[in-house]
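Overview (structure and organization)
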Amino acid sequence: AMEAASTPMVRSQASNDMHRDVPTKTQSRSSSTTSRGSHSSNLGKGSESIHTTGKGHLSKKGWLRKQYQRLGLIKGWHRRYFVISDGLIQYFKKPLAATRGQALLCEGCRVKFSGYDEVHQNYPFTVVFPSPKTPDLQAAADTMRDAKSWVSVIEANIAMVSELEQESVAYG
């Protein structure tokens, strides 16, 4: 398999967060009925949307928890607003805020999902990147249904970018 031409991760040197990038000054995203209210633990209800784009590939927006580390030690979970579309996963502190981090999916990426985590009382999943230099992205949903939906959309995006990478090798 051929390596992707672009790097799968963008991050700043000053960041302790492994999937953080340099914030952008403007965001071109428009908000259509997003939940802006409380920090309740019920993240999934009414705060997500799924859209079909282009050739039936999916995009999704909504609240998840992202695992964070300090000095290589797992410290906990941050509530983040995630957007996935066209093979790019981005997350924000809140909708329309500056990007906190992003990950570009590529051929060889996969998603691991093992069900309910009793300790943290959530449904975690991990996006695993093929390069050992790129850290895994660990996120969690509050419900099984929401977790399965995110995993499905991420897998559809991985399939799409893998297909595009194979086409570019075959026709490039």
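Rules used throughout
- Residues numbered from 1 in each chain as written.
- Predicted model: local features only at pLDDT ≥ 70, side-chain atom pairs only at ≥ 80, totals over all residues.
- Heavy atoms only, no water.
- Helix = DSSP H or I, 4+ residues; strand = E, 2+ residues; numbered from the N terminus.
- Buried < 20%, exposed > 50% of the residue type's maximum accessible area, 1.4 Å probe, protein only.
- Contact = heavy atoms within 4.5 Å.
- Salt bridge = Lys/Arg side-chain N within 4 Å of Asp/Glu carboxyl O.
- Phe/Tyr/Trp six-rings, centres within 6.5 Å; stacked < 30°, edge-to-face > 60°.
- pLDDT = per-residue confidence, 0-100.

So, on to the overall build of the protein chain. Along the backbone of the protein chain there are one helix and nine strands. When the helices and strands of the protein chain are listed from N to C terminus, the series reads β-β-β-β-β-β-β-β-β-α. Within the protein chain, the fraction of its 172 residues that count as buried is 42%. Residue pairs at least 24 apart in sequence account for 52% of intrachain contacts in the protein chain once pairs closer than 6 positions are excluded.

Right, let's get into the pattern of salt bridges. In this structure the tally under the stated criterion is one salt bridge. Of the charged contacts in the structure, one is a salt bridge between Asp 146 and Lys 60, with a shortest N-O distance of 3.8 Å. Of the two residues, Asp 146 sits in helix 1 (residues 144–171) while Lys 60 sits in strand 3 (residues 57–70), which places them 86 residues apart along the sequence. Assigned by exposure class, Asp 146 and Lys 60 land together as buried.

Quick look at the packing of aromatic side chains now. Counted under the stated rule, the structure contains four aromatic pairs. Here the aromatic rings of Phe 82 and Tyr 91 are separated by 5.3 Å at their centres, their planes lie at 35°, and the arrangement is tilted. The pair formed by Phe 82 and Tyr 91 is uniform in burial state, with each residue classed as buried. Note on Phe 82 and Trp 150: the rings are 6.2 Å apart at their centroids and 75° apart in plane angle, and the pair reads as edge-to-face. Placement of Phe 82 in strand 4 (residues 73–85) and of Trp 150 in helix 1 is noted, with a sequence separation of 68 residues between them.

Looking now at the confidence of the model for the protein chain. Of the residues in the protein chain, 66% reach a pLDDT of 70 or more, and the chain-wide mean stands at 76. Within the model, the stretch residues 1–47 combines pLDDT values under 50 with 89 contacts to residues more than four positions away or in other chains.

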